[in-house]
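Spelled out, the chains give:
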Amino acid sequence: SAHLRHYSRTSRIDAHPDSTLVGLAIARDTDASVFRDRTDAGTRLAAELTRYADRRPVVLGLPRGGVAVASPIAEGLSCPLDIIVVRKLGAPNRPELGVGAIAEHGVRVLNDELVDYLRVSDEHLASVEARERTELQRRVERYRSQHPEVDLEARTAIIIDDGLATGYTARAAVLAARVRGASEIVLAVPVGAEDTVAALAELADGVVALSVPKDFQAVGFWYQDFTQTSYRQVLALLQTGRGNSVD
């Protein structure tokens, strides 16, 4: 069975018969293994994030799919909805295989083990980063022309994606939120691969995952409807989210 898990670098250990993540806290059993769509996932995730409502939160979705999950969370917490734009860095001849990721504010993270294993050259990394940085900037300008950044100084940043596979785009997002001055960073997802969720608990101040299946397979496997979120939908959700209470 899947479990709702709250991970933190400072969490106490809760004894649990199914726990394989010694040293991380597990909150309670849940049946949250399959979601109707991203809105359903966000609505269910929102119920587990109410503890942050009094910490001046800002909800930050990762475009595009993460924004659809983030929208009902921002509404539930009555807080602003914003984004962190990220891009995957693809391997040579296998662009779908990420060897790292970049984010706004000059952030870059690499999977050093994979880079070494695939013998990815510095030249390839520089080339693919330059290309993806250009695309990232294009997307930033497209989104930010209508929705400037929300100030994260002295606020809790709640970063939302529709799931965690390798987690490198999420890593980049966490670092970008730190650059933006967030006092606390929480990463929350409907579903994630067990190793990835545990690893990100070392980087973020807390990680909340509704479902951490042992046989993860892929993010889309855990949704009945995993239709791609459009750019227009993201803009519409951001417009709605800006109407939430600021504090």
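Anything mentioned here points back to the structure above.
Quick notes on the rules
Residues numbered from 1 in each chain as written. Predicted model: local features only at pLDDT ≥ 70, side-chain atom pairs only at ≥ 80, totals over all residues. Heavy atoms only, no water. Helix = DSSP H or I, 4+ residues; strand = E, 2+ residues; numbered from the N terminus. Buried < 20%, exposed > 50% of the residue type's maximum accessible area, 1.4 Å probe, protein only. Contact = heavy atoms within 4.5 Å. Core = buried A, V, L, I, M, F, W, Y, C linked by side-chain atoms within 4.5 Å. Pairing = 2+ DSSP bridges. Bend = angle between axes of the 7 residues up to and from the residue. 1 Å grid on protein atoms, 1.4 Å probe; cavity = no way out; pocket = protein on both sides within 12 Å on 5 of 7 lines; lining within 4 Å. Points joined across faces, edges and corners; volume = space filled by probe spheres on them. Expected span 1.5 Å × (residues − 1). Salt bridge = Lys/Arg side-chain N within 4 Å of Asp/Glu carboxyl O. Axes fitted to C-alpha atoms, helices over the stretch in contact; angles between N-to-C directions. Parallel < 35°, antiparallel > 145°, perpendicular 65-115°, else oblique. Left-handed = near helix turned anticlockwise from the far one by under 90°.

**Q** Looking at this model, I keep getting lost on the overall build of the chain. Mind explaining?
**A** Each helix and strand counted, the chain has seven helices and 10 strands in total. For the chain, the residues scored as buried account for 55% of the 247 residues in total. The contacts of the chain with a sequence gap of at least 6 include a subset with a gap of at least 24, amounting to 69%.

**Q** Quick question: what am I supposed to make of the nonpolar core here?
**A** If you look at soluble globular proteins, the nonpolar side chains tend to sit buried side by side. With 45 residues, the main nonpolar core has Leu45, Leu49, Val59, Ile73 and Ile160 as its most contacted residues. Among the elements that make up this core, the one with the highest residue count is helix α2 (residues 65-77) (six residues). Ignoring anything within four residues of it in the chain, the contact list for isoleucine 160 reads Leu45, Leu49, Val59, Leu60, Gly61, Leu62, Gly66, Val69, Ala70, Ile73 and Ala188. Within the second largest apolar cluster, 33 residues are counted, among which are Leu60, Val109, Ala177 and Val207.

**Q** Help me understand the pairing of strand β7 (residues 107-110), please; the structure alone is not making it clear to me.
**A** The side chains of a regular strand alternate, residue by residue, between the two faces of the sheet. A one-sided burial pattern is seen for β7, the buried positions being Val107 and Val109 and the unburied ones Arg108 and Leu110. Hairpin connection, strand β6 (residues 94-103) to β7: the antiparallel pair is bridged by three residues, and histidine 105 has positive phi, about 65 degrees.

**Q** Would you mind showing me how to read α2 here?
**A** Side chains that are three or four residues apart share a direction in an α-helix, a result of its 3.6 residues per turn. At serine 71, α2 is deflected by roughly 25 degrees, the largest bend along its length, and proline proline 72 occurs up to four residues later in sequence. Counting buried positions along α2 gives 11 out of 13 residues, so the element sits mostly inside the fold. Along α2, the residues classified as buried are Gly65, Gly66, Val67, Ala68, Val69, Ala70, Ser71, Pro72, Ile73, Ala74 and Leu77. Looking at the buried side of α2, the elements it contacts are α1 (38-46), β3 (57-61), β4 (81-83), β8 (156-160), β9 (184-191) and α7 (231-241). Phi turns positive, to about 50 degrees, at serine 78, one or two residues after α2.

**Q** Where do I start with the layout of surface pockets in this structure?
**A** Empty space among the atoms becomes apparent when a probe as large as a water molecule is rolled across them. The volume enclosed by the largest pocket comes to roughly 1100 Å³. What lines the largest pocket is a set of 41 residues, among which Pro63, Lys88, Asp161, Asp162 and Thr169 lie closest to the centre. Elements with a contribution of two residues or more to the lining of the largest pocket: α2, β5 (86-91), β6, α4 (122-144) and α5 (168-179).

**Q** Could you clarify how one ought to interpret α4 in this entry?
**A** Across its 23 residues, α4 extends 31 Å between first and last C-alpha, which sits within 8% of the 33 Å expected from 1.5 Å per residue. Within the sequence span of α4, burial applies to Leu125, Val128, Glu129, Glu132, Glu135, Leu136, Val140, Tyr143 and Arg144. Considering only its buried residues, α4 is in contact with β4, β5, β6, β7, α3 (112-117) and α7.

**Q** Sorry, what's going on with the pattern of salt bridges here?
**A** Two side chains with opposite charge may pair up if their charged atoms get near one another. Going through the model one piece at a time under the given rule, you end up with 16 salt bridges. Measuring nitrogen to oxygen at the nearest pair gives 2.7 Å for the salt bridge that ties arginine 55 to glutamate 184. Taken as a pair, arginine 55 in the loop between α1 and β3 and glutamate 184 in strand β9 lie far apart in primary sequence, 129 residues in all. The class for arginine 55 is partly exposed, based on a relative accessible area of 35%. The salt bridge partner of glutamate 194 is lysine 214, with a shortest N-O separation of 3.4 Å.

**Q** How should the packing of α1 against α2 be read in this particular structure?
**A** For any two helices packed against each other, one specifies the crossing angle of their axes together with the interaxial distance. α2 packs onto α1 with a crossing angle of 45 degrees between their chain directions and a minimal axis gap of 7 Å. Considering their axes alone, α1 and α2 lie oblique with respect to each other. Crossing of α1 over α2 shows right-handed handedness. On α2, the residues touching Arg38, Thr39, Ala41, Gly42, Thr43, Leu45 and Ala46 of α1 are Gly65, Ala68, Val69, Pro72 and Ile73.

**Q** Just checking my understanding: could you explain the side chain of threonine 229 for this structure?
**A** Its place among the elements puts threonine 229 in the loop between β10 (206-211) and α7. Once you skip the residues sitting within four places of it in the chain, threonine 229 turns out to touch Arg38, Arg64, Gly65, Ala68 and Val234.

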